[in-house]
Every structure is written in structure tokens, then in C-alpha cells.
Amino acid sequence: MKILVINAGSSSLKFQLIDMDNESVIAKGLVERIGTVDPTTDLTYEWADQKIKQKQLKKCDTHAKAMEIVLGVLVGRDCTASEYDANDGKAHLTGTGVIADLREIGAVGHRVLHGGEKFTASCLIDDDCIEAIEENIPLGPLHNPANLMGIRACQEVLPDVPQVAVFDTAFHQTMPPRAFRYAIPNEYYTDLHIRKYGFHGTSHRYIAARAQELLNLPKGNKIIICHLGNGSSLSACVDGKCVDTSMGITPLDGLVMGTRCGTLDPAVVEFICNRKNMTPTEVLNMMNKKSGLLGLAGDSDMRNVTARYEAGEPNAKLAIEMWAYVLRKYIGSFAAAMGGVDALIFTAGIGENDAAGRARAVEGLDFLGIKLDYDKNAKVRGQEAKISAEDSKVQVWVIPTNEELAIARDTLELATK
Ligand code: AMP
């Protein structure tokens, strides 16, 4: 079966078409600037041949139209996409398709940010599921409405195809109350559901399951997963089940990230509001979008910050040192929380590719039994590999994540049940 995976943002729609017979990616791409003030919408796509194609289209107002464009390129037909061509209005997509007929799409899997406490696993989308995603909009005010737009767009364009919602929060629902509650009066939890939810759950779940297959771990095994990308989070897992994570009620908490500050004293918000005459929303916007590596070093991309660190720039040095220091503190605290650690796993853009970053993350952690093989570590980029020394008590691994495949696997399972 071929499964279409959709990740809808407020003005974007990412897609992947995966052939589940061999779990290979047939096509992937992105429609950007949907319904914005910009005069055009951008379409970027690539097939298995890995040639990236880009098109600028006439402004596309809705996610449903963006879905039509995506389906148009997939079948390569003289479809509505031709209406959106910004240059001459001609259909340039003819003959570019990867499937002959839309009926080849057996099911659609949607990434949904916030499932609140309702969703502990993925679910087939029906009216109840949509209502529950709507109920969780206060917890995911930017993402859940966008995810719903993606779902509704697919329902409109592919009305007979089963659809599945895969939640970023679901994997973390196994955390015990002592880990997920905040120490504020109970009514804020019972009335408003204020608690730690955690994010990147699809990635953490994929890695936790892969680690159980790959690492030959004992029963009751304790692992720490470091998902280090532009957004970053850690999870502590016992027997592959999450017992703690670093993100909170929103993805702002925890590590120093590309543009997010991570953990800080919440009193900072009021202090800045008073001194800078800003609203709490403006301060949170600054903490989400202008902080982290960007706020400290002027650049959110770890490659650029590293290059400047190597050139001796003090701001980049501080940013990298803080990034690693906070990460090490979390690794240590999660090991303490679980009473030990059997394996430490790095994943996502930085975790998979940045050997120096991985080495900084474990610097001084030999007291926990974490010992890197520095030569092996230096060689590993984007592949599954053990990077700890032979005599390391804790296994250290790089395991590339694949959130789209995890979504497609859930979708296949639920759609064929
Ligand atoms: P992601 O959000 O998972 O796509 O990860 C994006 C982050 O990975 C960015 O900060 C990139 O700079 C970082 N990244 C990707 N490749 C490398 C690399 N070779 N060295 C350091 N950072 C990298």
C-alpha cells in the first residue's frame, strides 16, 4: 500500500508518499506560503531520483488547494495546479507524476502536534477525533488548527481514503504524575490541564523501538534519547516507555535550541513585560523565535554557530558551551531519575551529524560510565552506529530518526485493521 504522510503548518504543507511494501520514499515535497500576504506560493518536490524541483505558483489561499496541487504533482496530470502557475498559466506538471491514479493512495497519515491527555496512541480520524483535536487547540494554538486544515483538506480532496492522526505528544503519556505534574496548586491541573506533555514523541517512539531491536538491552533497560535538531528534546525511557521528557506544556521548555531559550525562571516573563513594556505573548514569542543559539550567537543553525566558534567568536563560544552544558545537566538528571542508564542515543539534525556536538554533550560524564570512542564518533554522520568505547558501561549510539516512516507505519496498521 502507498501511504501519503502530511505535516500541515499554518502556511505550509509537507508531504511524503511512501511505498509500504518496501518502506521506500516515492516522493516528498513542500508547499509554502499558503494563504499568506505573499503574491506567490512555492512548491518544492523531489522524487526517488533526488532531483529537487521548484516551482513558483500563483497565490494559493487554502490548504485544500495546496492538497490539490500536491495530488496534481503526484499523478503528473494536467490538473488544477496549472491554474496556479505564476508564469504562463500552462501545465508544466504533465508527465512528472509518480503514480498513475490517486486511487493508489491507500491511506493518509497526519502529524498532529497536541493530543492532550486524550490520545495515548495514533487514531483513525472520525468526527470524535476531530472534535478532540479541536478541544486541544488551547494547548497547541498554532499547530492544531493548521493540522486540522490539513485533515479537512484531505477529506475534501480524497473523501474515501482512510486518514490517521499521529500525535507528537502521545508517546509521553506513559510518564508518571511525579514527572508530568508542575508543583502549582492542583486546580490548575484539574481545571486547565496544565502539566508537562512533551513533544517530538513520534521521533522518540521510533528511536526507542529501534533501540530495543538493535542494542541487545536487558529487561528493565534504561535509555536516554537526545533528539537534537532545530527543536530539541530528551526522553528517559524504561523498557522503551517514556518516564520523563525535557519539553513541557509547550515545546519551549528544556534544552537550548535553535531559536528557543529552554528552561528558565518563569518570573523572567513578568520582569521583561514591566521593563520593556511588552505583553506576555510578545515575550513568549521572543523566547520561542529569537532566543537559543539565535539569541546568543545571532544564528540558529548549529553549522554556522560551530564555524564561528571555531573562528574564536566569543558569542558563538558561549552559545555552544551553554548548549552542551544544559544538555549534559539533563542527561545527568535523567540518569539520576531512572537510577542509572544503559544507553544514550543521539538523533535528528545535530545528533546525527555533529560529531563535535556529541562529544561536547558527554564531556565529563565518564563518572556515569559514558565513554566515547572518539575516532568512531568522528566518522559517524547520519547512519546507525555505536560510538561508545568497547569498555564503556553505557552504550552510546547514533540512530537516525524517521518520523514520516513512523507515521506511515501507524497509518498502515490502523487503516488496514
Ligand atoms: P533538524 O531540525 O533535525 O532538521 O536539524 C537541524 C539542525 O541540525 C540545524 O541546527 C543544523 O545546523 C544541524 N545540522 C545538520 N547537519 C549538521 C552538521 N553536519 N553539523 C552540525 N550541525 C548540523
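Presented here is an overview of the structure given in this document. Every value quoted in this text rests on a predicted model; they were computed, and no experiment measured them. (Residues numbered from 1 in each chain as written. Predicted model: local features only at pLDDT ≥ 70, side-chain atom pairs only at ≥ 80, totals over all residues. Heavy atoms only, no water.)

Notes on the side chain of Ser235
Here's step 1: Counting through the fold element by element, Ser235 comes out in strand β10 (residues 232-238).
Here's step 2: Within the structure, the side chain of Ser235 is placed 2.8 Å from the side chain of His204, a separation counted as a polar contact.
Here's step 3: For Ser235, the residues in contact, after removing those within four places along its chain, are Phe171, His172, His204, Ile223, Ile224, Ile225, Cys242, Asp244, Thr245 and Phe334. (Helix = DSSP H or I, 4+ residues; strand = E, 2+ residues; numbered from the N terminus. Polar contact = N/O pair within 3.5 Å; in protein donor to acceptor, adjacent residues only side chain to side chain. Contact = heavy atoms within 4.5 Å.)

Observations regarding the pattern of salt bridges
Here's step 1: Evaluation of the coordinates by the stated rule reveals 17 salt bridges.
Here's step 2: Linking Arg409 and Glu23 is a salt bridge whose minimum nitrogen-to-oxygen distance equals 2.8 Å. With Arg409 in helix α15 (residues 403-415) and Glu23 in the loop between β2 (12-19) and β3 (24-32), this residue pair connects regions lying 386 residues apart in the sequence.
Here's step 3: Residue Arg409 is classed as partly exposed on the basis of its relative accessible area, which comes to 36%. (Salt bridge = Lys/Arg side-chain N within 4 Å of Asp/Glu carboxyl O. Buried < 20%, exposed > 50% of the residue type's maximum accessible area, 1.4 Å probe, protein only.)

A word on the layout of surface pockets
Here's step 1: Empty space within the second largest pocket amounts to approximately 540 Å³.
Here's step 2: What lines the second largest pocket is a set of 16 residues, and nearest its centre among them are Tyr182, Ile249, Asp253, Leu264 and Pro266.
Here's step 3: Here the lining of the second largest pocket is composed, by residue class, of 11 nonpolar, four polar and one charged. (1 Å grid on protein atoms, 1.4 Å probe; cavity = no way out; pocket = protein on both sides within 12 Å on 5 of 7 lines; lining within 4 Å. Points joined across faces, edges and corners; volume = space filled by probe spheres on them. Nonpolar A, V, L, I, M, F, W, Y, C, P; charged D, E, K, R; others polar.)

So, the packing of helix α10 (residues 302-310) against helix α11 (residues 314-338)
Here's step 1: Remark: α10 packs on α11, axes separated minimally by 8 Å, with the N-to-C direction vectors making an angle of 120°. Between α10 and α11, the interaxial angle falls into the category oblique. Regarding α10 and α11, the two cross each other, and that crossing is left-handed. Each of Met302, Val305, Thr306, Arg308 and Tyr309 in α10 lies in contact with α11, whose residues at this interface are Ala316, Lys317, Ala319, Ile320 and Trp323.
Here's step 2: Here the residues of the contact of α10 with α11 are counted per class, giving seven nonpolar, one polar and two charged. (Axes fitted to C-alpha atoms, helices over the stretch in contact; angles between N-to-C directions. Parallel < 35°, antiparallel > 145°, perpendicular 65-115°, else oblique. Left-handed = near helix turned anticlockwise from the far one by under 90°.)

Details of the packing of helix α6 (residues 201-214) against α15
Here's step 1: Running from N to C, α6 and α15 cross one another at 85°; their axes reach a closest spacing of 9 Å. One way to sum up the angle between α6 and α15 is to call them roughly perpendicular. For the pair formed by α6 and α15, the contact residues are Thr202, Ser203, Arg205 and Tyr206 on the first element and Glu403, Leu405, Ala406, Ile407, Arg409 and Asp410 on the second.
Here's step 2: Class assignment for the residues of the contact of α6 with α15 results in four nonpolar, two polar and four charged.

Thoughts on the site of the ligand
Here's step 1: Every residue lining the ligand is accounted for by Gly229, Asn230, Ser300, Asp301, Met302, Arg303, Ala348, Gly349, Ile350, Asn353, Asp354 and Arg381.
Here's step 2: Contact between the ligand and Asp301: an oxygen atom at 2.4 Å from a side-chain N or O atom of the residue.
Here's step 3: Examining the composition of the shell around the ligand, we find that four residues originate from one element, helix α12 (residues 348-353), more than from any other. (Near = heavy atom within 4 Å.)

Regarding unusual backbone geometry
Leaving glycine aside, a negative phi is the common case for residues, and trans is the common case for peptide bonds.
Here's step 1: Of note, the phi angle at His200 is positive, near 55°, even though the residue is not glycine.
Here's step 2: Tracing the backbone through its elements, the reader meets His200 in the loop between α5 (186-190) and α6.

Section: a nonpolar patch on the surface
Here's step 1: Together, Ile184, Tyr188 and Leu192 line one region of the surface with nonpolar side chains, adding up to about 280 Å² of accessible area.
Here's step 2: By secondary structure assignment, the location of Leu192 is in the loop between α5 and α6. (Patch = residues over 30% accessible without salt bridge, like charges linked within 9 Å, V, L, I, M, F, W, Y side chains within 5 Å. Areas by Shrake-Rupley, 256 points an atom, 1.4 Å probe, with all protein chains shown as cover.)

Observations regarding the sheet that holds strand β13 (residues 385-386)
Here's step 1: Pairing is mixed in the open sheet, where six strands are placed in the order β11-β10-β9-β12-β14-β13. Strand pairing shows two members of the sheet lacking a second neighbour, β11 (241-245) and β13, which therefore form its edges.
Here's step 2: Where α11 meets the sheet, its contacts fall on β9 (222-228), β10, β11 and β12 (343-347), and the angle it forms with β9 comes to roughly 155°. (Pairing = 2+ DSSP bridges.)

Side note on a negative patch on the surface
Here's step 1: A cluster of acidic side chains, namely Asp126, Asp127, Asp128, Glu131 and Glu135, defines a negative patch on the protein surface.
Here's step 2: In this structure, Asp127 sits in helix α2 (residues 127-135). (Lys, Arg positive; Asp, Glu negative; His and termini not counted. Charge placed at Lys NZ, Arg CZ, Asp CG, Glu CD.)

Observations concerning the nonpolar core
Here's step 1: Ranked by internal contacts, the top residues of the largest apolar core, which has 40 residues, are Ile224 and Leu344.
Here's step 2: For this core, the element with the highest residue contribution is α11, accounting for 12 residues.
Here's step 3: Among all residues touching Ile224, those that are not within four sequence positions of it are Leu234, Ser235, Ile331, Phe334, Ala335, Met338, Val341, Ala343, Leu344 and Ile345.
Here's step 4: Leu4, Val70, Ile105 and Leu158 belong to the second-largest nonpolar core, a separate cluster that totals 32 residues. (Core = buried A, V, L, I, M, F, W, Y, C linked by side-chain atoms within 4.5 Å.)

Here we look at helix α3 (residues 143-157)
Here's step 1: Helix length check: α3 (15 residues) gives 21 Å between terminal C-alpha atoms against 21 Å at 1.5 Å per residue, within 8%.
Here's step 2: Burial in α3 covers these residues: Asn144, Ala146, Asn147, Leu148, Gly150, Ile151, Ala153 and Cys154.
Here's step 3: Buried residues in α3 make contact with β1 (2-8), α1 (63-75), β6 (105-112), α2 and β8 (163-167). (Expected span 1.5 Å × (residues − 1).)

Thoughts on the sheet that holds β8
Here's step 1: Spatially, the eight strands line up as an open sheet ordered β5-β4-β3-β2-β1-β6-β8-β7, and their pairing is mixed. This sheet does not close on itself; its edge strands, each paired only once, are β5 (52-58) and β7 (123-124).
Here's step 2: Strand contacts of α1: β1, β2, β3, β4 (40-47), β5 and β6, with the helix running at about 35° to β2, the strand carrying the most contacts.

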